[in-house]
Each structure stands twice: as structure tokens, then as C-alpha cells.
Amino acid sequence: MIKYIALYKRPADADDFDEKYFGSHLPLIEKTPGLLRQEIAHVTRTYVPGFLGEAEPYLIAELYFESEAAMKAAFKSPEWQAGGANLTEIGGMDLVAMFAAEIKEEQ
């Protein structure tokens, strides 16, 4: 299994960002083919201040896919493309760092 992680820094207007993120962005992402589940969390505390430089972490989105191939196929879908366009419209692209991480099964 693999997950796509989006780490957002704190926006200037958090309430406005949340309204747009949860109101328009997530409904688009939920339609992505191959998406098994997603977890969205607001960061409530930073235990190592300064690790991310001046950026204060705000929101973490974790999207799970069966495999890297499934994730890559999802990224090519019209649903994912619509989500990306929406994120640009709501100003999120200036706030986010994105990663992929392979989930290790217990040994």
C-alpha cells in the first residue's frame, strides 16, 4: 500500500481556507478512482519547532492507494485533475508540500 501525503502550512486566513478546502476541494478528491481512504487532520501541536523552517504546519491530508501503479493511474484521472485545479483556485498550491510514502507491513 502507498499513501500520498499533503502537508499544508498555516494559511493567512485559516477559516476561509478550511471553508474552501472542505467545501470544494475534498468533495472532488473523494471521487478519485482507486482512492481507498483518506485521513485529514489539523495539526494541534508542533513538538519540534523550527524543523520546517518558518512554516507552521496546519493540515495533513493522507490519501491511501493499493499500489504505486494505482496512485499513478489516479493522478491521471479527470477527477484528480479537477481537484488539482480547484486547489490552485483556492490558493492551496502555495501552502503545500506533497510526498508519497510506501506503507511497510509489520514484520
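In case you missed it, the structure is sitting above this.
Read on for an overview of the structure. (Residues numbered from 1 in each chain as written. Predicted model: local features only at pLDDT ≥ 70, side-chain atom pairs only at ≥ 80, totals over all residues. Heavy atoms only, no water.)

1. Examining the overall build of the protein chain
Looking only at helices and strands, the protein chain features 3 helices and 4 strands. When the elements of the protein chain are put in sequence order from the N terminus, they spell out β-α-β-β-α-α-β. Structurally, the protein chain occupies a C-alpha span of about 40 × 35 × 15 Å along its principal axes. The buried share of the protein chain, taken over its 107 residues, is 35%. For the protein chain, restricting intrachain contacts to residue pairs at least 6 apart in sequence, the fraction spanning at least 24 positions comes to 79%. (Helix = DSSP H or I, 4+ residues; strand = E, 2+ residues; numbered from the N terminus. Buried < 20%, exposed > 50% of the residue type's maximum accessible area, 1.4 Å probe, protein only. Contact = heavy atoms within 4.5 Å.)

2. With respect to helix H3 (residues 78-89)
Here H3 spans 16 Å end to end across 12 residues, near enough to the 16 Å set by a 1.5 Å rise per residue. Residues of H3 that are buried: Trp-80, Gly-83, Asn-86 and Leu-87. An end-on view of H3 places all buried positions within 120° of arc, on one side of the element. Of the exposed residues in H3, those oriented more than 90 degrees away from the buried face are Pro-78, Thr-88 and Glu-89. Summarising the contacts, the buried residues of H3 are in contact with strand E1 (2-9), helix H1 (14-29), strand E3 (57-65) and helix H2 (68-75). Among the residues trailing H3, Gly-91 stands out with phi positive, at a value near 85°. (Expected span 1.5 Å × (residues − 1). Arc of directions from axis to C-beta.)

3. Details of the nonpolar core
By size, the foremost hydrophobic cluster in this structure holds 22 residues, and its most contacted members are Tyr-4, Tyr-8, Phe-17, Tyr-21, Leu-63 and Phe-65. Contributing elements (two or more residues each) for this core: E1, H1, E3, H2 and H3. In contact with Phe-17, not counting residues within four places along its chain, are Tyr-8, Pro-11, Tyr-58, Leu-59, Ile-90, Gly-92 and Leu-95. (Core = buried A, V, L, I, M, F, W, Y, C linked by side-chain atoms within 4.5 Å.)

4. Re the sheet that holds strand E2 (residues 35-42)
Strands sit in the order E2-E3-E1-E4 across an open sheet of 4 strands; the sheet is antiparallel. The open sheet has two edge strands, E2 and strand E4 (96-102), and neither has a second partner. Strand after strand, the sheet turns through a mean of 15° between neighbouring axes, direction not considered. Where E2 lies against E3, 7 bridges are found, and the strand directions are antiparallel. By the bridge assignment, Arg-37 is partnered in E3 with Tyr-64. Here H2 sits on the sheet in contact with E1, E3 and E4, set at roughly 55° to E1. (Pairing = 2+ DSSP bridges. Axes fitted to C-alpha atoms, helices over the stretch in contact; angles between N-to-C directions.)

No statement about biological role is implied by the geometric values presented.
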